[in-house]
Every structure is written in C-alpha cells, then in structure tokens.
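# Structure at a glance
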Amino acid sequence: MAQLDNNTSITNTTTPKGSHLSEKELAQIEILHKEGYSNRAIARKLNRNHQTINNEIKRGTTCQVRRQKSRKGKVYTYFSTIYSCDAGQARYNRKIPSNEGFY
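Overview of the structure. Note that the structure is predicted; figures quoted are calculated from it, not measured.

Along the polypeptide, arginine 48 turns up in the loop between helix H2 (39-46) and helix H3 (50-60). With a relative accessible area of 12%, arginine 48 lands in the buried category. A polar contact is formed between the side chain of arginine 48 and the backbone oxygen of histidine 20, at a distance of 3.2 Å.

The next subject is the pattern of salt bridges. Taken as a whole and judged by the stated rule, the model has three salt bridges. A salt bridge links glutamate 30 to lysine 34, with the nearest nitrogen and oxygen atoms 3.4 Å apart. Of the two residues, glutamate 30 and lysine 34 are both situated in helix H1 (residues 23-34); the distance of four residues between them amounts to about one turn of the helix. When the shortest N-O distance is used, the salt bridge between arginine 59 and glutamate 56 registers 2.8 Å. Taken together, the positions of arginine 59 and glutamate 56, both in helix H3 and three residues apart, correspond to about one turn of that helix. Given a relative accessible area of 24%, arginine 59 falls into the partly exposed group. On the basis of relative accessible area, glutamate 56 is assigned to the buried category, the value being 4%.

As a further point, take the pairing of strand S2 (residues 75-83). Every regular strand shows the same layout, with side chains that alternate between the two sheet faces. With nine bridges joining them, strand S1 (residues 61-69) and S2 adopt antiparallel strand pairing. When the bridges of S2 are listed, glutamine 64 appears paired with serine 80. What sits between S1 and S2 in their antiparallel hairpin is a turn of five residues, with glycine 73 showing a positive phi close to 100 degrees.

How each quantity is defined
Residues numbered from 1 in each chain as written. Predicted model: local features only at pLDDT ≥ 70, side-chain atom pairs only at ≥ 80, totals over all residues. Heavy atoms only, no water. Helix = DSSP H or I, 4+ residues; strand = E, 2+ residues; numbered from the N terminus. Buried < 20%, exposed > 50% of the residue type's maximum accessible area, 1.4 Å probe, protein only. Polar contact = N/O pair within 3.5 Å; in protein donor to acceptor, adjacent residues only side chain to side chain. Salt bridge = Lys/Arg side-chain N within 4 Å of Asp/Glu carboxyl O. Pairing = 2+ DSSP bridges.

Fair warning: the whole summary comes from geometry, so function is off the table for now.
Written out as structure tokens, the structure reads:
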C-alpha cells in the first residue's frame, strides 16, 4: 500500500494544460484507485484535473472473466472490472496515429 500523508500531494509541481500523464502518475493512479480513493481525491494528490483522472480510469478499465466448474459439471462465469495503467496506455497508444512516413 502506498503511504500518503493527507496534507501533502505525491507531486508538488503544476502541470501545463495538455501535458500527458507520466508512467509514474499512471502507476500512482492505479495504486490509489485500488485503495479506494475517489477520482477527485486522486486528482488533488496528483495536482491534475478530476476529469483527466476519470478519462484515464475509463480508458484503462478492463473486464476480466473467471470461470469455475462445479462438481456436477456446471460452469459458472464471473465478470469483474479492474483498472490497469498498462491497459490504459496500450489503448491510448492505439489511438495515436503512427508518424511513419512523415518527415
């Protein structure tokens, strides 16, 4: 678990509008989200807009499927959603067009 003081933020620098989330910030979002922090609380700790956090969590949320077979042979399927910063980054990278062929 991340040890955070309630009165201090993880990063104390202000970020200009339009700047991308760093890998460190993505990892911090994942940890804080797993610990149950709200999007607004995460945004305050990272000095980011709450909508940026919301967009990232929405982008990185994936559905996981778990199947369990009973003794009688019936298969039960369980669905759960989790946030993964790696999934969010992969989805983001697919949306950006490649610069190949441009000078």
